[in-house]
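Inside the fold
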Amino acid sequence: MKYRILPVICAAALLLTGCGSASSAAAHSATIIPASGTIQMNLQSAGYKVSLADTESVSLLTATNGKEPPDFEGVLVMRADSSEAITQQQSKKAENEGSIIFVRTNDPEYGNIFITGTQKALQDAGITIGD
């Protein structure tokens, strides 16, 4: 399982180092983040290799299309019981060359969540990130 998660975590780390300000051109009017089971089903239906790991306090879903850049598509969704597991600002969205990073902590609707991935993979997962 480490071998499937490692490329997505590496991609997420690269994306975090290149974060800029939020791009209003790519922003949608509403944020929609389905349940992990729905995201998993959506991605598997679209041909992604999906891995889901759950512990008592953290759920980690990773998925890739198995291709190399520039055709690579991938997504990572981390949900945590505590905000300490998500070490980012209260609310943040950034976009870098078609990849999105979205973080919320102590959010009334989504709790503590960290999402990163390519625009297409997020769309395939049924995730919409708004303003």
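That block above? That's the structure.
In short, a report on the structure. (Residues numbered from 1 in each chain as written. Predicted model: local features only at pLDDT ≥ 70, side-chain atom pairs only at ≥ 80, totals over all residues. Heavy atoms only, no water.)

Moving on, we come to the overall build of the protein chain. Helices and strands together make up the secondary structure of the protein chain, namely three helices and six strands. Each helix and strand of the protein chain, placed in order from N terminus to C terminus, yields the pattern α-α-β-β-β-β-β-β-α. The proportion of buried residues among the 131 residues of the protein chain is 42%. Residue pairs in contact within the protein chain that sit at least 24 positions apart in sequence constitute 54% of those at least 6 positions apart. (Helix = DSSP H or I, 4+ residues; strand = E, 2+ residues; numbered from the N terminus. Buried < 20%, exposed > 50% of the residue type's maximum accessible area, 1.4 Å probe, protein only. Contact = heavy atoms within 4.5 Å.)

Turning to the environment of Val50, a few remarks are in order. If you trace the backbone, Val50 turns up in strand E1 (residues 49-54). Under the relative-accessibility criterion, Val50 is labelled buried at 12%. Sequence separation between Val50 and Ile39 is 11 residues, and the spatial gap between their C-alpha atoms is 9.6 Å.

Counted under the stated rule, the structure contains two salt bridges. Note that Arg104 and Asp107 form a salt bridge whose closest N and O atoms lie 3.4 Å from each other. For Arg104, a relative accessible area of 15% puts it in the buried group. The buried category is assigned to Asp107, whose relative accessible area is 17%. In this structure, Asp124 engages Lys120 in a salt bridge whose closest nitrogen and oxygen atoms are separated by 2.9 Å. One end of the pair is Asp124 and the other is Lys120, both in helix H3 (residues 119-125) and four residues apart, which spans about a single turn. What makes Lys120 partly exposed here is its relative accessible area of 42%. (Salt bridge = Lys/Arg side-chain N within 4 Å of Asp/Glu carboxyl O.)

Honestly, it's all geometry; don't read function into it.
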